[in-house]
Amino acid sequence: MRVGFGVLGPVVAWDRDADGRAIALKGPRHRAVLARLIVARRRVVPVSRLVEDLWTAPPPRAVGAVRTFVAALRRALEPDRPPRAPARLLVTEGPGYALRADADAVDAWRFEQDVAAAATLPPDGALPRLEEALGRWRGPAYAEFADEGWARGERSRLAELRLHAVERQAEARLALGRAAEAVPDLEAHLAEHPWREGAWRALALALYRTGRQGDALAVLRRARTLLVEQLGLDPGPELRRLESDILAQAPHLAPATARGGGAAQVWADAAAAYDRTVASGARTRLESTVGLLRDLSMTGGGGLLTARRQRVAAVAAAEELGDPELTARVIGAYDVPAIWTRLDDPEQAATIVAAAERTLAALAAGLEAPDDRLPGVEPPDHGEPSGQETDQESADHEVPGHEAPHHREPDHTDHETTGHRTPDPGTSEPEVTGHEAPGRGATAYEAPGRVAPGHADTGHGAPRRGASGHGVGGREVTGRWVSGREAVGRGSSAPGGDGRGAPGHSTFGRGTAGDAVTRHDAIRARLLATVAVESRGGHSGRGRQAARQAEEIARRLDDPALLAFALNGVFMQSFDRAGLAPRRDATGAELIALSARHGLVAFEVLGHLIRLQARSALADFASADRHAAAAERLGERHERPLVRVFTEWYRALRLAATGRADEAEAAYRDAATRLDGAGMPGLERGLLPLALLCLRVERGRPAPTDPELDWGPYAPWARPLVLLARDRRAEAAAALRTVPEPPRDLLLEALWCLTGRAAIALGDRETMARARTALAPAAAELAGAGSGLLTLGPVSRHLDDLGG
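Residues numbered from 1 in each chain as written. Predicted model: local features only at pLDDT ≥ 70, side-chain atom pairs only at ≥ 80, totals over all residues. Heavy atoms only, no water.

1. Observations concerning the overall build of the chain
Secondary structure assignment for the chain yields 31 helices and eight strands. Every one of the 804 residues in the chain was classed for burial, and the buried ones make up 55%. Excluding contacts between residues fewer than 6 apart, the proportion of contacts in the chain whose partners are at least 24 apart in sequence is 68%. When the accessible surface of the chain is totalled, it reaches about 33300 Å², and 51% of it is carbon and sulfur. (Helix = DSSP H or I, 4+ residues; strand = E, 2+ residues; numbered from the N terminus. Buried < 20%, exposed > 50% of the residue type's maximum accessible area, 1.4 Å probe, protein only. Contact = heavy atoms within 4.5 Å. Areas by Shrake-Rupley, 256 points an atom, 1.4 Å probe, with all protein chains shown as cover.)

Okay, structure coming up:
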């Protein structure tokens, strides 16, 4: 006979082979002995302990009585056992007894197994397991022994597990769109256990999803009242957040199955499993958070703003832990490509740069590595420049053996990659097709890029040992490797070495000394690339130096993801003078080829947008059209809404550049609506008025004078022209004298042209000469078109008017 035992209620036993026929267990002492042995979970309980547990004041013959109880239980549980045959189920061992029940023979044990299994299943699998598990309960565990000390701990443990199962069952029902089924059980559950905040949250959400928004809010208010009045505690953040979301009817409160089907469910299950498995204070959560923030930045305005804000918080949290390596990974893992050169939040960027510099110094001190900061280099200046820079500031800080990219124009010979020919920057180029590599997409403004798994260790897009290749700006990179710093190969754990740049895979400090140096270099390069990207638009030479160092390390390590990030920094630091569209075109071409080979979709989009800008500057709109289309295809495929912000503005520029001013004005106004809520204030503020001003200047018309216009950061360059349009020449002349040198960004040429037009109108020959000198290197370009957003026509025409 196979015997089953029940303790989830009064203690019982039954014959599992006879349709659950009950087995008579005689009196309460017999059941107490059986229950005490079940609590022991197959372990031996000494007779002396049984005596202590069964009687407060044991009688003289207590030991004999226990033996009598055991004998009676054996006869009931094993009625067919021959005389004098050893017991199989309730056995004598050493000083006492043990119940050798099967693992599935006790209802409490099966209940635990079902709950544990449900935790690993998706809702549609978890729900039946939980319903079966909860169905095993017939009342309080070990019901008739509630006052016994030996049963108290086990009863409490099982009761807590049951509460968890009830709430998990409700969550599964909610996830499966069965909110109405969850309501009655949750209400009964909370009637007995009113301090369970998770249950209050689940009940409110279930009511909301059944269309009872008022009842949902009433439940949350009842929960608050109970917690405050009975315990003196305010509701936790989840309850407070839910109340706000219900009041706002937040879209994410809709059932997951309605919002995204299977994909949404996979996300919910994975997130829940991570939350259960990884301790709340674990350092790996910081690194996982940065990966999530990279993805969040691609989702549009709200996500982008949140990602930037939380990124700063993540870096601060990492620094608090005092682990420079962890901080380096947290900073460097946010390899979010950026296409716009004006910072959205200069203060945040300065905070990130300062943290990166501190971490570089700490890493250098810890490993006796060279400090990457130049002596005397000040932190990047993110504010508007106040005037001409000094010769020392304008000079590039050389790295020994590393030629600065802008010292000579790009040499595009032998830059060809299979399927990706890099064109001569001065000519049109055929469209490269069939290179939309698998991977994750880009936002066009800021989007994370990672190498697809399995692609990181082949054809890294950097020159092989003994070969030579051409980097950005025509700098030849020879195959120089330093012993102990071999290229990151298969299975590398350095950031980017696994093709993803995932920070959580670093094994810094393990392996050979050479491996440690390689990993250190990869981490250092990510910090340097971060400094370069976040120092955009400034006048300090630090950003350019950091970009060159990051690029050199990435090429030496033969790490494609790292090189792509470094090239983003190179691009951001390629505005130290006008006329550098050819150099940026080469950077974009390399990014496209590199990213297509290695599945770096985000950086592939970045490459297309860089080339869109560069080809526009060179008046090659046929090629720019193709790059706009390629970026849009990738953006649509990978759900990156911010891509079209840039391509729509480009199409307005296209109309302006081809003389269709009225259509361009309408297109600019339409494109401006895409900036609302896009999360890019550095792009949004003042851009539409500036574009319309450029249209008017191009047609020889006066500047707009509407006092309500928000010129944003472009006010200093617009003000002299606006004052001239109001016929206030003296004020215009005074304003022109205070106009600063334009920031080193994508609108450098456009702002110099506006300064030049005001100087011509006012006869300010000194300013005309300055504008002519600054614009001369861009004589072959369209003014402002390198932004991909607006234009003032050929620079050559402005030079002629300036006396050039």
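2. Some details on the nonpolar core
Within the largest apolar cluster, 132 residues are counted, with the highest numbers of intra-cluster contacts made by Trp-649, Tyr-668, Met-680, Leu-683 and Leu-790. With 10 residues, helix H19 (residues 560-572) is the single largest residue contributor to this core. Non-local contacts of Leu-790, meaning those with residues more than four positions away in its chain, are made with Leu-653, Tyr-668, Leu-687, Leu-690, Ala-691, Cys-694, Leu-747, Ala-750, Ala-783, Gly-784 and Ala-785. Counting residues in hydrophobic clusters, the runner-up holds 54 residues, among them Leu-54, Val-66, Ala-118 and Phe-145. (Core = buried A, V, L, I, M, F, W, Y, C linked by side-chain atoms within 4.5 Å.)

3. A few points about the pairing of strand E5 (residues 90-93)
Two faces, one strand: in a regular strand the side chains alternate between the faces of the sheet. Sheet topology places E5 next to strand E6 (residues 96-99); four bridges connect them, and they run antiparallel. Note on E6: the bridge partner recorded for Thr-92 is Tyr-97. In textbook terms, the turn of a hairpin is the stretch between consecutive antiparallel strands, and for E5 and E6 this stretch comprises two residues, one of which, Gly-94, has a positive phi near 60°. (Pairing = 2+ DSSP bridges.)

4. Quick look at the confidence of the model for the chain
Averaged over all residues, the pLDDT of the chain equals 80, while 79% of them reach at least 70. Note on residues 373-428: pLDDT is under 50 here. Beyond four places in sequence and across chains, it has 124 contacts. Low pLDDT, under 50, characterises residues 430-511; the predicted model gives this stretch 266 contacts beyond four residues in sequence or across chains. (pLDDT = per-residue confidence, 0-100.)

5. Re the state of the cysteines
Evaluated as defined, the whole model comprises zero disulfides. We note that Cys-694 lacks a disulfide partner, and the nearest cysteine sulfur, in Cys-753, lies 8.7 Å from it. For Cys-694, a relative accessible area of 1% corresponds to the buried category. (Disulfide = S-S within 2.5 Å.)

6. Concerning the sheet that holds strand E2 (residues 12-15)
The pairing of strands in a sheet happens through backbone hydrogen bonds and is either parallel or antiparallel. The strand order across the open sheet formed by three strands is E1-E2-E3, and the pairing between neighbours is antiparallel. Sheet topology places strand E1 (3-6) and strand E3 (21-22) at the edges, where each strand pairs with a single neighbour. Pairing geometry for E1 and E2, over four bridges, is antiparallel. Counterpart to Gly-4 in the pairing with E2 is Trp-14.

7. Some remarks on the pattern of salt bridges
By the definition in use, this model includes 55 salt bridges. Two residues, Asp-620 and Arg-615, come together in a salt bridge whose shortest N-O distance is 2.9 Å. The buried category is assigned to Asp-620, whose relative accessible area is 10%. (Salt bridge = Lys/Arg side-chain N within 4 Å of Asp/Glu carboxyl O.)

8. Some words on a nonpolar patch on the surface
Taken together, the side chains of Trp-195, Leu-231 and Leu-233 define a hydrophobic patch exposed on the protein surface, amounting to about 300 Å² of accessible area. Along the polypeptide, Leu-231 turns up in helix H9 (residues 213-231). Among the residues examined, Leu-231 registers a relative accessible area of 42% and is labelled partly exposed. (Patch = residues over 30% accessible without salt bridge, like charges linked within 9 Å, V, L, I, M, F, W, Y side chains within 5 Å.)

9. Considering the pairing of E2
Across the two faces of E2 the burial differs, with Ala-13 and Asp-15 buried and Val-12 and Trp-14 not buried at all. Connecting E1 to the antiparallel partner E2 that follows it, the hairpin turn spans five residues, and Gly-9 within it adopts a positive phi of roughly 135°. Counting the residues in the hairpin turn of E2 and E3 gives five residues, including Asp-19, whose phi is positive at 55°.

10. Re unusual backbone geometry
Positive phi, close to 60°, is recorded for Ala-619, a residue that is not glycine. Among the structural elements, Ala-619 can be located in the loop between helix H21 (601-617) and helix H22 (621-637). Although it is not a glycine, Glu-639 sits at a positive phi angle of roughly 55°. Within the fold, Glu-639 resides in the loop between H22 and helix H23 (643-657). Residue classification places Glu-639 among the exposed positions, given a relative accessible area of 65%.

11. Observations regarding the sheet that holds E6
If you trace the three strands from one edge of the open sheet to the other, you get E4-E6-E5, paired in antiparallel fashion. Since the sheet does not close on itself, it has two edges, and those belong to strand E4 (45-46) and E5, each with one partner. Sheet topology places E4 next to E6; two bridges connect them, and they run antiparallel. When the bridges of E6 are listed, Val-45 appears paired with Tyr-97.

12. What to know about helix H26 (residues 687-698)
Counted at 1.5 Å a residue, the expected span for H26 with its 12 residues is 16 Å, and the 16 Å between its end C-alpha atoms agrees. Across the 12 residues that make up H26, a large majority, nine, are buried. Considered for burial, the residues of H26 that qualify are Leu-687, Pro-689, Leu-690, Ala-691, Leu-692, Leu-693, Cys-694, Leu-695 and Val-697. Buried residues belonging to H26 abut H23, helix H24 (661-673), helix H25 (681-684), helix H27 (715-725) and helix H29 (748-762). Gly-700 sits one or two positions beyond H26 and adopts a positive phi of about 75°. (Expected span 1.5 Å × (residues − 1).)

13. Points about the environment of Ala-666
Checked against the element boundaries, Ala-666 lands in helix H24. Exposure remark for Ala-666: the relative accessible area of 41% places this residue in the partly exposed category. Sequence separation between Ala-666 and Leu-692 is 26 residues; the distance between their C-alpha atoms is 9.9 Å.

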